[in-house]
Amino acid sequence: MDNFPFEKELIELADKDLTVREELLAAGKLSGGYHPEMEKVHKANAQRLREIIAEIGFPTLSKVGEKGSNAAWLIIQHAIGEPEFMKKCCTMMEENSSDINPIHKAYLHDRIQFFQSKPQKYGTQLTADGKIYPVENKENLNKEREKVNLPAFSEAEINKIPEPEDIPEIDDKNVEYTVWRKKVGWI
């Protein structure tokens, strides 16, 4: 693990995130909005990752190893209160696409689209009731998923995906979520 600067630290940051999440979940405190303790961990982790990126550039596989890169992705994926940071990281992932796990790029792209009430490309994000959030193109969905090493959906699964025009209705089911997204700058 000593072969990559920052690998151990990134893993520790991601582990802290997951530990706090598990503790809050076990205490029944994760429902009902973004828990302040979880938000605090996400903001601190994102800030530290910004500093690491300023020093070494985007934490690719060749710079921080597979575990370190996975940890960096988790930190980015959970920085939900920081739209510009997530978008910037998505751009950096695209610029370094040959040196990252392509699944990470797919999940981050879709998460950003989801938070902006836009259809996703790869079908990685779910609605509050567990359905796949609308996608840009159902006909090409499995081709896009294949490009990033995601498993294909069955035709039945694809047919159950709501249409992009259903997004306002889906979003209206959770008013608090919409208020939060406006507050942090997603919409």
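The preceding data block contains the structure.
Remember, it's a predicted structure, so these values are computed and weren't measured experimentally.

Side note on the packing of helix H4 (residues 83–95) against helix H5 (residues 102–115)
Between H4 and H5, the least distance of the axes is 10 Å, while the angle of their chain directions is 145°. The hand of the H4/H5 crossing is left-handed. Mapping the contact onto sequence places Met86, Lys87, Cys89, Cys90, Met93 and Glu94 in H4 and His104, Lys105, Leu108, His109, Arg111 and Ile112 in H5. When grouped by side-chain class, the residues that make up the contact of H4 with H5 number six nonpolar, two polar and four charged.

Observations concerning the environment of lysine 173
Tracing the chain through its elements places lysine 173 in the loop between helix H8 (167–172) and helix H9 (175–184). Here lysine 173 falls in the exposed class, since its relative accessible area comes to 60%. Considered as a pair, lysine 173 and threonine 127 are 46 residues apart in the sequence and their alpha carbons are 9.9 Å apart.

A closer look at the pattern of salt bridges
In the structure shown here, the tally under the stated rule is 11 salt bridges. Salt-bridge contacts for lysine 121 lead to glutamate 144; the nearest nitrogen and oxygen are separated by 3.9 Å. Of this pair, lysine 121 sits in the loop between H5 and helix H6 (141–147) while glutamate 144 sits in helix H6; the two residues are 23 residues apart in sequence, bridging distant segments of the chain. The exposure class of lysine 121 is partly exposed, given its relative accessible area of 28%. Of the charged contacts in the structure, one is a salt bridge between lysine 131 and aspartate 129, with a shortest N-O distance of 3.9 Å. Here the salt bridges do not stand alone but share partners, grouping Glu9, Arg48 and Glu51 into one network.

Here is what the cut-offs are and how they apply
- Residues numbered from 1 in each chain as written.
- Predicted model: local features only at pLDDT ≥ 70, side-chain atom pairs only at ≥ 80, totals over all residues.
- Heavy atoms only, no water.
- Axes fitted to C-alpha atoms, helices over the stretch in contact; angles between N-to-C directions.
- Helix = DSSP H or I, 4+ residues; strand = E, 2+ residues; numbered from the N terminus.
- Left-handed = near helix turned anticlockwise from the far one by under 90°.
- Contact = heavy atoms within 4.5 Å.
- Nonpolar A, V, L, I, M, F, W, Y, C, P; charged D, E, K, R; others polar.
- Buried < 20%, exposed > 50% of the residue type's maximum accessible area, 1.4 Å probe, protein only.
- Salt bridge = Lys/Arg side-chain N within 4 Å of Asp/Glu carboxyl O.

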